[in-house]
Amino acid sequence: MEQIQELLEILKQTPEMALWALSLYFLFILLKLASWVYTLKVVAQQFIKRYFNYRDKSLSNKRGVEIADYFESCKISSVDYNLLIDLLNNIKSSSYIHESDIRKAIKKIKAE
């Protein structure tokens, strides 16, 4: 307590020093506030990013499960999933499967 009183006495004697002290104090408060705002921004940004990553992943997993369930329901006996993957690999004309590749395969199957 005595140190604070001594500091106030020194600041009373030199008003210019008091202005510098006040400006430094307000600058410190502003920096502290800015760090909290930045922290809240980063936390919100990470939450939004992880939420949408989870949502996209669940949607893609849902479609894969639907395809696997359809495959399971349509087969008569035990068919290995590797054969399905081999079929899809033979359908594609480039390194990716395009809609046109699927349409060509359907036409070839129906023609036979």
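Residues numbered from 1 in each chain as written. Predicted model: local features only at pLDDT ≥ 70, side-chain atom pairs only at ≥ 80, totals over all residues. Heavy atoms only, no water.

Peer 1: Quick question: what am I supposed to make of the overall build of the protein here?
Peer 2: When its secondary structure is counted, the protein shows four helices and zero strands. Reading the protein from its N terminus to its C terminus gives the helix and strand order α-α-α-α. Expressed along its principal axes, the backbone C-alpha trace of the protein runs to roughly 105 × 30 × 15 Å. Per-residue burial for the protein yields a buried fraction of 4% across its 112 residues. Accessible surface, the protein: about 10900 Å² in total, of which carbon and sulfur atoms supply 66%. Charge separation in the protein, taken as the distance between the mean sites of 16 positive and 13 negative side-chain charges, equals 10 Å. (Helix = DSSP H or I, 4+ residues; strand = E, 2+ residues; numbered from the N terminus. Buried < 20%, exposed > 50% of the residue type's maximum accessible area, 1.4 Å probe, protein only. Areas by Shrake-Rupley, 256 points an atom, 1.4 Å probe, with all protein chains shown as cover. Lys, Arg positive; Asp, Glu negative; His and termini not counted. Charge placed at Lys NZ, Arg CZ, Asp CG, Glu CD.)

Peer 1: When you look at the side chain of Asp-101 in this model, what are you seeing that I'm missing?
Peer 2: By the secondary structure assignment, Asp-101 is in helix H4 (residues 99–111). The buried charged residue Asp-101 lacks any salt bridge, with Lys-104 as its nearest oppositely charged partner at 4.8 Å. Setting aside its immediate chain neighbours within four residues, Asp-101 contacts Ile-91, Lys-92, Ser-93 and Tyr-96. (Salt bridge = Lys/Arg side-chain N within 4 Å of Asp/Glu carboxyl O. Contact = heavy atoms within 4.5 Å.)

Peer 1: Which parts of the structure should I look at to understand the pattern of salt bridges?
Peer 2: Any two side chains of opposite charge can pair, given that their charged atoms come close. For the coordinates displayed, the defined rule picks out one salt bridge. One salt bridge connects Glu-99 with Arg-103, and the closest N-O pair in it is separated by 2.4 Å. Placement of both Glu-99 and Arg-103 in helix H4 is noted, with a separation of four residues, approximately one turn of the helix. Across the pair, exposure class does not vary: Glu-99 and Arg-103 are exposed alike.

Peer 1: Explanation requested: the environment of Glu-66 in the structure shown.
Peer 2: Counting through the fold element by element, Glu-66 comes out in helix H2 (residues 15–74). When its relative accessible area of 47% is taken as the criterion, Glu-66 is described as partly exposed. In this structure the C-alpha to C-alpha distance between Glu-66 and Val-79, which are 13 residues apart in sequence, comes to 17 Å.

Peer 1: How should I be thinking about the packing of aromatic side chains in this particular structure?
Peer 2: We describe a pair of aromatic rings using the distance from one ring centre to the other and the angle between the two ring planes. On inspection of all chains with the given rule, the structure shows two aromatic pairs. Pairing Tyr-51 with Phe-52 gives two aromatic rings, centres 5.2 Å apart and planes at 75°, and the pair type is edge-to-face. Overall, Tyr-51 belongs to the partly exposed group, its relative accessible area being 43%. (Phe/Tyr/Trp six-rings, centres within 6.5 Å; stacked < 30°, edge-to-face > 60°.)

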